[in-house]
Amino acid sequence: MKARSIRFACGAALLAGISGQAWAGDYLVRTQAEYRAALARVKPGDTVRLVDGEWKDFAVLFEGTGTATRPITLAAQTKGKVILSGTSSLRMSGSYLVVSGLVFRNGHAPGDEVVSFRRDSRNVATHSRLTEVVVDHFNPPDRRKEDRWVSLYGHDNRVDHSWFAGKGNAGVTLAVIRPKGQPDANRHLIDHNYFGPRPPLGSNGGETIRIGTSEESLSDSATVVESNVFDRCDGEVEIVSVKSGGNVVRGNLIYRSQGSVVLRHGNGNLVERNVFLGGGKLHTGGVRVINARQIVRDNYMEGLAGTDFTSALAVMNGVPGSAINRYHPVSRASIAGNSIFDAARVTLGAGADAERSAPPSQSGMQGNLVTGAPDLFRIDADMRGMTLADNVTDAIVPAALSQGLRHGRVALARASNGLLYPTDPALAKLGAPRDLKPVTLGDVGPSWYAKVADKAAFGTGRTLAVARNGLADSVARAEAGDVLRLESGRYAVAAPLHITVPLTLAGPRDAEIVFAAPTLFALEEGGRLRIEGLTIRGDDAPRQAGNAVVRSAPASTIANYAVEIDGTAFAGMDGAPGFDLIATTAGTFADHIALQGVTVSGLSGTVLAAAAETGAKGLYAAEAIRITGSQFERVGGLAEILRGGTDESTFGPQFTFTGNAVTQGGELGLSGVQSAVIESNTFRRSAAIAVAHSVGAPQTRIVGNRLIDTPEPRITKLYPQGTPNVQVSDNLRSGDAS
């Protein structure tokens with residue numbers, strides 16, 4: 001038979017004279033047709049190998065019935081050398097199946113699952129294994145299209161030593177699915193995998209792992225998530241979202257990842273012996289506790305900068321008589337033997353509001369060792385239902401925790417395992433155990449596929465001089481991290497400059513770019529832009545509505561972009577209506593936009609137009625926005641920033657506007673922004689600051705501004721739940737001070 005090789009397992013067993021040993025077939029296939037033919041013949045113990053190379057548009061159905069000692073295997077001829085690309089996927093159905101050595105890259109699933117442990121709703125996989133499989137940036141072209149990379153159905157399946165990174169579209173990376181009415185536990189094992197960088201999604205649906213859903217959350221899944229590495233998993237506030245009971249999250253390393261392990265629904269879960277290393281990165285969290293009989297013990301947390309829902313430890317308030325999809329009150333929780341060092345916040349009674357009015361009950365904290373900021377502990381609800389014993393902290397002890405939480409000096413030294421432990425023998429029995437051995441990058445994923453390095457930053461490439469007639473060519477040839485240095489003089493640009501890599505344009509203020517296109521800088525997939533110095537003029541731009549200096553891609557992109565502008569002057573942009581400085585587009589997302597020391601004189605549109613995402617899904621344009629130390633004169637609008645919906649699964653938008661001078665400026669409009677700091681600015685003859693709160697517990701600080709012939713800030717609340725934290729003070733209006 002063409003392209004089929006069969007090696008019979010005669011080996012040592014038959015040579016030793018063991019009678020009745022079944023023969024095992026090994027099929028090497030080169031086409032999809034040959035694969036289907038081989039699959040029709042397989043029996044327990046057989047292996048089907050895909051020949052090395054690219055398999056494009058291959059929807060693999062792998063089904064069969066093996067045995068515990070003789071599974072049926074689908075493997076690469078050589079591990080890592082079989083690439084499934086285009087519209088490809090894998091469905092597994094049957095029992096005792098093993099898939100190994102495959103790589104999904106340069107494509108996306110034809111449906112809503114890349115790997116599925118079922119053929120259809122009636123035919124699932126059990127006792128099966130996915131090992132040393134890679135899913136690398138395997139995303140649909142539209143980031144708003146939802147899919148899952150791995151869907152675990154059935155029971156007693158395992159995903160191990162696999163590699164998942166670069167998921168940029170909506171949908172969970174790996175989900176344990178419990179169909180409605182499933183009576184039995186899943187008993188899946190998810191271990192020794194590398195969950196690599198996942199950028200902020202900018203909406204709900206960016207979890208790395210989800211176990212169950214709210215509808216079936218009162219049943220037990222009994223899934224174990226063990227010895228994995230979560231590396232820069234920043235998709236949303238829930239890194240591991242537990243929505244069922246009886247699960248174990250044990251011995252994982254959560255490294256520089258924004259979000260937390262969240263016991264969102266379900267009871268009787270165990271979170272133990274995990275290591276959380278935040279490195280001071282914003283929104284890095286630990287464990288959030290909801291529901292009944294949760295155990296959080298023997299974990300190590302260091303350098304976690306999250307607050308509120310992403311605190312190192314957040315014990316939530318619940319909803320009395322909660323609906324299945326809301327927040328069941330915390331009861332009978334045990335939080336013991338954890339080390340929490342250099343943390344920004346521990347929040348008890350998190351999320352307390354008119355709806356979430358039920359505080360924790362019959363719960364306890366014992367033997368924990370906690371260090372951090374002086375105001376580390378935040379108490380948002382009645383704590384009489386929490387019993388504390390033998391806890392020590394170097395922070396201020398709130399009165400509500402004075403029984404069982406002692407203030408004292410906590411001297412620490414780093415041990416051979418790389419973790420900190422107290423040097424005082426009196427504290428030796430507190431905090432995480434000394435036998436913790438953090439899982440390493442070498443312990444997880446396939447050994448033959450490299451882990452993800454930090455992406456190229458601005459200014460890390462070549463520095464290239466640009467002649468006055470060579471700007472467009474230089475941009476087209478630029479590589480990631482390059483700096484294009486412009487000389488004094490005029491650079492005329494007739495067509496948009498397409499930015500496809502992280503790129504810096506720098507030069508003196510008398511290096512002047514004058515553009516004649518509707519857009520000067522068009523950001524494409526992978527593009528990130530930094531501008532230093534320079535003067536940019538729009539006098540020659542078309543006399544039509546909708547021009548922009550910087551515009552994100554016209555179609556959805558997967559990679560997040562960034563814009564940084566430092567010390568740049570903009571002028572001549574008021575000759576046509578709606579001329580924006582930065583215009584975002586639907587389906588794109590910036591991890592940050594920063595303007596520092598910018599001067600804008602004459603702009604008919606908005607400095608930052610970031611309201612292209614509409615609807616109730618909670619999408620927004622940028623995670624963090626900073627505008628500082630800048631001057632704006634005769635601008636149609638300062639900012640228009642929108643985050644719709646009422647879901648609480650995102651961090652942003654975060655907005656900072658400080659130290660700016662505005663004369664004849666249009667509205668600064670914020671809707672759904674989660675954190676806003678508007679401080680120490682001067683507004684002359686300008687429109688009002690308008691803030692609308694529409695989700696969560698937003699923080700708004702409008703302090704120390706001078707308002708000269710400018711209205712008072714206008715703040716509205718658009719939703720019934722939640723408690724916005726608003727400070728509006730020390731703003732001096734015209735006539736209040738000379």
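Residues numbered from 1 in each chain as written. Predicted model: local features only at pLDDT ≥ 70, side-chain atom pairs only at ≥ 80, totals over all residues. Heavy atoms only, no water.

Participant: Where do I start with a nonpolar patch on the surface in this structure?
Facilitator: A cluster of nonpolar side chains, contributed by I715, V726 and V728, occupies part of the molecular surface with about 200 Å² of accessible area. In this structure, V726 sits in strand β69 (residues 725-729). (Patch = residues over 30% accessible without salt bridge, like charges linked within 9 Å, V, L, I, M, F, W, Y side chains within 5 Å. Areas by Shrake-Rupley, 256 points an atom, 1.4 Å probe, with all protein chains shown as cover. Salt bridge = Lys/Arg side-chain N within 4 Å of Asp/Glu carboxyl O. Helix = DSSP H or I, 4+ residues; strand = E, 2+ residues; numbered from the N terminus.)

Participant: Would you take a moment to explain the environment of L642 for this structure?
Facilitator: If you trace the backbone, L642 turns up in strand β59 (residues 631-642). Looking at L642, the relative accessible area reads 24%, which means it is partly exposed. In this structure the C-alpha to C-alpha distance between L642 and Q77, which are 565 residues apart in sequence, comes to 50 Å. With sequence-adjacent residues up to four places away left out, L642 is seen in contact with A610, A611, E613, L619, Y620 and S671. (Buried < 20%, exposed > 50% of the residue type's maximum accessible area, 1.4 Å probe, protein only. Contact = heavy atoms within 4.5 Å.)

Participant: How should the nonpolar core be read in this particular structure?
Facilitator: The nonpolar side chains of soluble globular proteins are, as a tendency, buried together. Residues Y35, L74 and L90 are the most contacted members of the largest nonpolar core, which totals 82 residues. Judged by nonpolar contacts, the second largest core, of 65 residues, contains I536, Y561, L638 and V691. (Core = buried A, V, L, I, M, F, W, Y, C linked by side-chain atoms within 4.5 Å.)

Participant: Honestly, the pattern of salt bridges in this entry has me stumped. Any pointers?
Facilitator: One side chain can pair with another of opposite charge once the charged atoms of both are near each other. Under the counting rule described, the total for this entry stands at 41 salt bridges. A salt bridge links K455 to D591; the nearest nitrogen and oxygen atoms lie 3.6 Å apart. Pair noted here: K455 is in the loop between β44 (420-422) and β45 (463-466) and D591 is in strand β56 (residues 590-596), with a separation of 136 residues, a long-range link. By relative accessible area, which is 17% here, D591 ends up buried. One salt bridge connects R528 with D591, and the closest N-O pair in it is separated by 2.9 Å. In this pair, R528 is assigned in strand β51 (residues 528-537) and D591 in strand β56, connecting sequence segments 63 residues apart. Salt bridges linked by common partners bring R129, R158, D160 and D191 together as one network.

Participant: Explain the packing of aromatic side chains to me, please; I cannot follow it from the model alone.
Facilitator: The geometry of an aromatic ring pair comes down to the distance between the two centres and the angle between the two planes. All chains considered together, the criterion is met by 14 aromatic pairs. Centroid distance W163 to Y194: 5.8 Å. Interplanar angle 45°. Geometry classified as tilted. Residue W163 is located in strand β17 (residues 163-165), and its partner Y194 is located in strand β20 (residues 194-195); the two are separated by 31 residues in the primary sequence. This pair shows no difference in class: W163 is buried, exactly as Y194 is. Between the aromatic rings of F632 and F657, the centroid separation amounts to 6.3 Å while the plane-to-plane angle is 20°, which identifies the pairing as stacked. Here the residue F632 occupies a position in strand β59, and F657 occupies one in strand β60 (residues 654-658), the gap between them amounting to 25 residues. Note on accessibility: F632 and F657 belong to one class, buried. Following the ring pairs from residue to residue traces out a cluster consisting of W163, Y194, W448 and Y449. Here the guanidinium or amino end of R356 rests over the ring plane of Y327, the centre of that ring lying 4.8 Å away. For K451, the ring lying beneath its charged end belongs to Y194, and the centroid distance is 5.7 Å. (Phe/Tyr/Trp six-rings, centres within 6.5 Å; stacked < 30°, edge-to-face > 60°. Lys NZ or Arg CZ within 6 Å of the ring centre and 35° of its normal.)

Participant: Would you explain helix α2 (residues 32-39) in this entry?
Facilitator: Residues lying three or four places apart along an α-helix face the same way, a consequence of the helix completing one turn every 3.6 residues. Listed in full, the buried residues belonging to α2 are E34, Y35, A38 and L39. The buried residues of α2 occupy an angular sector of 135° when projected down its axis, which confines them to one face. Elements in contact with the buried residues of α2: β1 (26-29), β2 (47-50), β4 (59-65) and β5 (72-76). (Arc of directions from axis to C-beta.)

Participant: Just to check I follow, could you spell out the side chain of K167 for this structure?
Facilitator: If you trace the backbone, K167 turns up in the loop between β17 and β18 (174-176). When its relative accessible area of 1% is taken as the criterion, K167 is described as buried. Those residues in contact with K167, other than ones at most four positions away along the chain, are N139, D147, R148, W149, V172, T173, P197, R198 and P199.

Participant: Hey, could you run me through unusual backbone geometry in this one?
Facilitator: Excluding glycine, most residues fall at negative phi; most peptide bonds, likewise, are trans. Residue G652 is joined to P653 through a cis peptide bond whose omega torsion reads 0°. With respect to the secondary-structure elements, P653 resides in the loop between β59 and β60. We note that R256 has phi near 45°; this positive angle belongs to a residue other than glycine. Within the secondary structure, R256 sits in the loop between β26 (253-255) and β27 (259-265). By relative accessible area, R256 is classed as partly exposed at 28%.

Participant: It is not clear to me how the pairing of β45 should be interpreted in this structure. Could you clarify?
Facilitator: Side-chain direction in a regular strand flips from residue to residue, so the side chains alternate between the two faces of the sheet. In the sheet, β45 pairs with strand β46 (residues 483-486) via four bridges, with the strands oriented parallel. Looking across to β46, one finds that V466 is bridged to L486. Handedness of the crossover joining β45 and β46 through helix α3 (residues 471-477) is recorded here as right-handed. (Pairing = 2+ DSSP bridges. Right-handed = clockwise from strand over helix to strand, strands pointing away.)

Participant: Sorry if this is basic, but what is going on with the pairing of strand β10 (residues 113-116) here?
Facilitator: By the bridge criterion, two bridges tie strand β7 (residues 89-95) to β10 in an arrangement that is parallel. By the bridge assignment, R91 is partnered in β10 with S116.

Participant: Can you help me understand the environment of Y491 in this one?
Facilitator: Positionally, Y491 belongs in strand β47 (residues 489-493). The exposure class assigned to Y491 is buried, which follows from its relative accessible area of 0%. Note: C-alpha distance between Y491 and A511 (20 residues apart in sequence) is 7.5 Å. When near neighbours in sequence (up to four residues on either side) are disregarded, Y491 contacts V466, A467, R468, L471, L486, E512, I513 and V514.

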